[in-house]
Amino acid sequence: MDPSATTLRKKDSPLRLLAAGLLYLSPMLIILSAFTFYPMLKTLYYSFFSTNARGVPVMFVGFDNYAGLFQSDSFLTSMTGTFLFVLYTVPLGVAFAFFLAVISSEKLRGIEFFRVIFSSTVGVSVAAGSMIFLFLFHPSIGFLNHVLDWIGLPPIHWLTDPKWALISIAATSIWMGVGFNYIILLGGLQSIPEDIYESARIDGAGYWSRLFRITLPMVSPTLFFVIIVTVIHSFQSFGQIDILTKGGPAESTNLIVYSIYQNAFIHYKFGIASAQAIILFLIVLLATLIQFKVGEKKVHYQ
C-alpha cells in the first residue's frame, strides 16, 4: 500500500474535517452564542422565576408566570392588538409593495426616478419615520386633518382615539416597510426572462393574463420570502409605538413587544416579561412553520 495514500486518508478523516470546519466557523459561533443562544436560554430560565427590581431571580414559580399572563386582561388585549396589527400590515404592505414593483418594472421614460422614490423608505430610520407621521397625524396642524377639512369632513384624532390609533400605527409601519419589500420584489420581477413575455404576447395573451399566469407564478418564491419576513417584522414592531402612542390610548396599541418592554424596564417584572418573550417566540415560530407548510406548496420554483 502506498504510504502517501494512507497519510491522505488520515488527513481527510471525518473528525479532522469536522474540527477544521468548526475552527473556521468558531468566530460566528461565538457571536451567535453570546448574542443569540445565551440570551434565549437566559430568557427561558427567567420565565420560571420571580425577580427583584435588579432582575435577580428570587423565587421559583414554575409556570405561574405563563398562567398569570393568560388570566390577565392586559395581556389578552395586547395579543389581540398584535394579531390585528399583523392582519393590517402584512397583506396591505406586501400588496402595495408588489403594486409599486409591477409598475416600476415597466420600461417607461423616467421610471428610474420613481424607483428611487419608492425605495427611499429603506434609508429612513424608525425614529425619523415616526416623527414624520407624528406631524402628519397631529390633530390641529397635521396635514391629514387639513385634507379632511378641505373636503368638508370632521377631523380625526388619529393617535388619541382607540378606534384609529392602531390603524394609524399600521399605516406608519406599512410606509416604513414598503421600501425593503419593494426592492426585493422588483429584483424578483426583473429576474423573469423577457422571452417568456414575448412568447405570451405572440400567443395573444393580454396584460392581466400575463400578470396572473406568468408574473405571479414566477415571482412567487420572492413573494413567499417577503411575506415571511414581513410577518416576523410585524410581530416585533416597537419603535413607532413608543414614539407615537406609548401603547395607548386604552392599551389599543400596547402590542406584545411594547408590553414586554413595559414589564421589564418600567415595572421591573423580568420574569413576566421573559414569559411574554417566550410566548412571542413560539407564536412567531408557529406562524413561520404554518407559512412553510401551507404557503410553500403554492410557490413555483424554476
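Model, not experiment: these values are computed from the prediction. (Residues numbered from 1 in each chain as written. Predicted model: local features only at pLDDT ≥ 70, side-chain atom pairs only at ≥ 80, totals over all residues. Heavy atoms only, no water.)

## A word on the packing of helix α4 (residues 73-104) against helix α8 (residues 162-190)
So, point 1. Taken N-terminus to C-terminus, the directions of α4 and α8 make an angle of 40 degrees; their axes are 7 Å apart at the nearest point. Considering the angle they form, α4 stands oblique to α8. Between α4 and α8 the crossing geometry is right-handed. (Axes fitted to C-alpha atoms, helices over the stretch in contact; angles between N-to-C directions. Helix = DSSP H or I, 4+ residues; strand = E, 2+ residues; numbered from the N terminus. Parallel < 35°, antiparallel > 145°, perpendicular 65-115°, else oblique. Left-handed = near helix turned anticlockwise from the far one by under 90°.)

## Description of the layout of surface pockets
Left-over empty space is what a probe sized like a water molecule reveals as it rolls over the atoms.
So, point 1. Roughly 580 Å³ of internal volume is contained in the largest pocket.
So, point 2. Taken together, 21 residues form the lining of the largest pocket, with T43, I260, A277, I278 and L280 sitting closest to its centre.
So, point 3. For the lining of the largest pocket, the secondary-structure elements that each account for two or more residues are α2 (14-46), α12 (256-265) and α13 (270-294).
So, point 4. By residue number, the principal contributor to the lining of the largest pocket is α13, which donates nine residues.
So, point 5. Formed jointly, the lining of the largest pocket draws a minimum of three residues from each of two domains, domain 1 (15-63) and domain 2 (72-296). (1 Å grid on protein atoms, 1.4 Å probe; cavity = no way out; pocket = protein on both sides within 12 Å on 5 of 7 lines; lining within 4 Å. Points joined across faces, edges and corners; volume = space filled by probe spheres on them. Domains from an automatic or database assignment.)

## What to know about the side chain of S47
So, point 1. By secondary structure assignment, the location of S47 is in the loop between α2 and β1 (49-51).
So, point 2. Sequence-distant contacts of S47, that is, excluding residues within four places in its chain, are made with G62, N65, Y66, G271, S274, A275 and I278. (Contact = heavy atoms within 4.5 Å.)

## Things to note about the UniProt feature "domain: ABC transmembrane type-1" (unreviewed entry) in the protein
So, point 1. Feature annotation in UniProt places "domain: ABC transmembrane type-1" (unreviewed entry) on residues 75-291, given in this structure's numbering.
So, point 2. Counted over residues 75-291, helix gives 75% and strand 0%. Its end C-alpha atoms are 25 Å apart. (UniProt positions renumbered as here; feature names shortened; annotations may be inferred.)

## Quick look at α12
So, point 1. Across the 10 residues that make up α12, a large majority, eight, are buried.
So, point 2. What α12 keeps buried is the set I256, V257, Y258, S259, I260, Q262, N263 and A264.
So, point 3. Tucked inside the fold, the buried residues of α12 contact α4, α10 (207-235), α11 (239-244) and α13. (Buried < 20%, exposed > 50% of the residue type's maximum accessible area, 1.4 Å probe, protein only.)

## Some words on the pattern of salt bridges
So, point 1. For the structure shown, the criterion picks out three salt bridges.
So, point 2. Across the pair E194 and R201 runs a salt bridge, and its minimum N-O distance is 3.6 Å.
So, point 3. Taking relative accessible area as the criterion, E194 reaches 36% and is therefore assigned partly exposed.
So, point 4. A salt bridge links D242 to K246; its shortest N-O distance comes to 3.4 Å. (Salt bridge = Lys/Arg side-chain N within 4 Å of Asp/Glu carboxyl O.)

## Things to note about the domain arrangement of the protein
So, point 1. What the domain assignment lists for the protein is domain 1 (15-63) and domain 2 (72-296).
So, point 2. A separation of 31 Å is found between the C-alpha centroids of domain 1 and domain 2.
So, point 3. Taken together, the contact pairs 11 residues of domain 1 with nine residues of domain 2.
So, point 4. When domain 1 packs against domain 2, the two sides together hide about 660 Å² of surface, and 73% of this comes from carbon and sulfur.
So, point 5. Summed over the shared surface of domain 1 and domain 2, the number is zero salt bridges.
So, point 6. Elements represented by at least two residues in the side of domain 1 that touches domain 2 include exactly α2 and β1.
So, point 7. No other element matches α2, which puts four residues into the side of domain 1 that touches domain 2.
So, point 8. Here the side of domain 1 that touches domain 2 is composed, by residue class, of five nonpolar, five polar and one charged. (Buried area = accessible area lost by both parts, 1.4 Å probe. Nonpolar A, V, L, I, M, F, W, Y, C, P; charged D, E, K, R; others polar.)

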